[in-house]
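Each chain is listed here by its residues.
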Amino acid sequence: MEYTERLQNVSVLGAAGKMGSGILLLTAVEMADLSLLPENKDKNFVLNAIDLSDSGLAGLMRYLRVQVRKIAEKKTVWLRKIYAERADLIENGEIIDEYIFHVLNIVRPSQQIEAARSSHLVFEAVSENPKLKKMLFERINKDNELKPWFFTNTSSIPIAQINADASLEGRVLGFHFYNPPAVQKLVELISIKENSEEMLAFALDYAKRLRKIVVHSNDIAGFIGNGHFMRDALFGIQMAEKLSAEMPLHEAIYAVNKMSQDFLVRPMGIFQLIDYVGIDVVQYIMQVMNPHLENEDLHSSLLDQLMTLGVKGGQNPDGSQKDGFLRYEKGRLNAVYCPNSKGYISMDTFSAKTDDFLGELPQNYIPWKGIIRSKNRDAHFASYFGEMSKSKNKGALLAMEYGKNSANIGEKLVAAQVAKSIEDVNTVMLTGFFHAYGPINNYFSAS
């Protein structure tokens, strides 16, 4: 089956979720563009948007309309060529509206999983729950006689486990988009030995057409992205717990978050990143990964405590940040959660003191926003961390310790053959997490 035929009938499970909606958008546009080519004018294209939430599906269609308009506005020259024979389409606005109609006309919202029974390709973007994925895959596989391919967006569950549990005979691979799929350039591709060459070729072709950067990860729980992030997050939590011997825990959380953002020049501090992903999600992914790891325990009693207290982080339906370790007001941090008092404590009451504890940043410090697009980043960071390694203030010492551990995590991923190379680890963190430098580097070789 060639590329276009495979994409004539597709389903997305969890289509109304944050990941599913992005996957659906990208696939809808790719399918619509294929259908507009002269050689495909007599072919029918169907994209089933499957989700349990009726209101979620309604919101999905509104999201698609807005996003497809933005996409259409960027390719009006191509659309003019495509619609050249349409005498009724003259103005750009008319052409754009027609394209929006065409894309949305391909999408079939449904709350019934049976809608996938005629699909050749199924994208799965439901919650990171092995039992749920198994149930969905088994049901579709039973109802669908076409032997569909399953592309799972799992970020942690071994593909071989999914394949065996759902009896998919090698028709499943990991195609892990990063959040949000419509913006993020990275895809982690996780294959297993049972995958056919045709399936892998299609996955690479599809990714190429979406202009994605593909990094191959071996099929080991957590893969490269979560393999690094979960351990990095756990180290940050443990560092804050250790610091709590010198200051209250909420101040230690603030200190580690500030250090990991400012001193390490990252887009977010580690506790802000945990909140963004969701405390509940981070805890769950660690639980998913743990049974597959030897001589290692990815577990945090602090995460357990916050979950018991109902502090979960994550995002609201409109994309705004929910409160977690940190409290957010109009996107800005203003308080830290204190498990002992079961409430948030304003940063105004302690930030100056904790900032003094961390000390000054190196004189050649440039914030993440100022350095991320610089062509001279390598030279800058060599100088910046070289200066930091000579400093004896607490923020610099903590940053060097944290940086060394982050590099060590990356090196172990290569040694354990999760990643094929140092470059792959660095690419995932640079592209998928928007870091300004890869974790495996020479910056932390001295202190």
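Calculation notes
Along each chain, the written sequence defines residue order, and numbers are assigned to residues from 1. Local features in a predicted model are, by the rule used here, given only for residues with pLDDT of at least 70; side-chain atom pairs are given and counted only at 80 or more, and totals for whole chains, interfaces and linings are based on all residues. To obtain the side-chain values, all non-hydrogen atoms of the structure were used and water was disregarded. Angular values range over 0 to 180 degrees, each being the angle between N-to-C directions of two axes fitted as lines to C-alpha atoms, with helices fitted over their stretch in contact. Numbering of helices and strands runs from the N terminus, with a helix taken as a DSSP run of H or I at least four residues long and a strand as a DSSP run of E at least two residues long. Relative orientations are named as follows: roughly parallel for angles under 35 degrees, roughly antiparallel for angles over 145 degrees, roughly perpendicular for angles from 65 to 115 degrees, and oblique for any other angle. By definition, turning the near helix anticlockwise from the far helix through less than a right angle yields a left-handed crossing, and turning it clockwise yields a right-handed one. The contact criterion used is simple: two residues touch if any of their non-hydrogen atoms lie within 4.5 Å. Pairs of strands are assigned from DSSP output, requiring at least two bridges between the strands. Pairing of aromatic rings covers Phe, Tyr and Trp, the last counted by its six-membered ring, and requires centre-to-centre distances within 6.5 Å; plane angles under 30 degrees mean stacked, over 60 mean edge-to-face, and any other angle means tilted. A 1.4 Å probe rolled over the protein chains alone gives each residue an accessible area, and that area as a share of the maximum for its type sets the label: buried under 20%, exposed over 50%, partly exposed in between. Buried Ala, Val, Leu, Ile, Met, Phe, Trp, Tyr and Cys residues that are joined via side-chain atoms within 4.5 Å together make up what is termed a nonpolar core. Expected span of a helix: the number of residues minus one, times 1.5 Å.

Draft legend 1. Structural view of the packing of helix α9 (residues 225-243) against helix α11 (residues 270-277). One way to put it is that α9 packs onto α11 with a least axis distance of 10 Å and a crossing angle of 125 degrees. Taken together, the axis directions place α9 and α11 in an arrangement best described as oblique. With respect to the hand of their crossing, α9 and α11 are arranged in left-handed fashion. Within the contact between the two elements, α9 uses F229, D232, A233, G236, I237 and A240 and α11 uses I270, F271, L273, I274 and V277.

Draft legend 2. Region of the structure containing the sheet that holds strand β4 (residues 121-124). Pairing is mixed in the open sheet, where 8 strands are placed in the order β3-β2-β1-β4-β5-β6-β7-β8. Strands with a single pairing partner mark the edges of an open sheet, and in this sheet they are β3 (107-110) and β8 (213-217). With direction set aside, neighbouring strand axes in the sheet form an average angle of 25 degrees. Where β4 meets strand β5 (residues 149-152), 4 bridges bridge the pair, whose relative direction is parallel. Residue pairing in the sheet places L121 in a bridge with W149 of β5. Against the sheet, helix α3 (residues 54-73) contacts β2 (46-50) and β3, and its axis sits at roughly 160 degrees relative to β3. The sheet contacts of helix α18 (residues 422-432) involve β7 (186-190) and β8, and relative to β8 the element is tilted by about 135 degrees.

Draft legend 3. The packing of aromatic side chains, seen in detail. Tallied over the entire structure, the rule returns 27 aromatic pairs. Judged by centre distance (5.4 Å) and plane angle (75 degrees), the rings of F385 and Y437 are edge-to-face. Of this pair, F385 sits in helix α16 (residues 377-388) while Y437 is found in the segment after α18, placing the two residues 52 residues apart along the sequence. Taking the relative accessible area as the measure of exposure, Y437 reaches 9% and is therefore buried. When the ring of Y437 is compared with that of F444, the centres are 6.5 Å apart and the planes differ by 50 degrees; the resulting orientation is tilted. Of the two residues examined, Y437 and F444, each falls in the buried class.

Draft legend 4. Examining the nonpolar core more closely. Ranked by internal contacts, the top residues of the largest apolar core, which has 71 residues, are F271, I274, F325 and F385. In this view, F271 contacts G236, I237, A240, I253, V256, N257, F325, L326 and Y328; residues no more than four positions away in its chain are not counted.

Draft legend 5. Here's a closer look at helix α10 (residues 249-263). In this model, α10 (15 residues) spans 20 Å end to end at C-alpha, consistent with the 21 Å of a helix rising 1.5 Å per residue. For α10, the buried fraction is high: 13 of the 15 residues fall into the buried class. Positive phi shows up at V265, right after α10, with a value of about 55 degrees.

Draft legend 6. Region of interest: the sheet that holds strand β9 (residues 326-329). Strand order in this open sheet of 3 strands is β9-β10-β11, and the pairing throughout is antiparallel. The sheet is open, and its two borders are formed by β9 and β11 (343-346), each paired with just one other strand. In this sheet, neighbouring strand axes are inclined to one another by 40 degrees on average, regardless of whether the strands run parallel or antiparallel. With 4 bridges connecting them, β9 and strand β10 (residues 332-338) associate as antiparallel partners. Paired with Y328 across the two strands is L333, which belongs to β10. Its contacts with the sheet place α10 against β9, β10 and β11, and it is angled at close to 140 degrees to β10.

Draft legend 7. Seen up close, the environment of K242. Counting through the fold element by element, K242 comes out in helix α9. Along the sequence, K242 and A252 sit 10 residues apart, while their C-alpha atoms lie 8.4 Å from each other.

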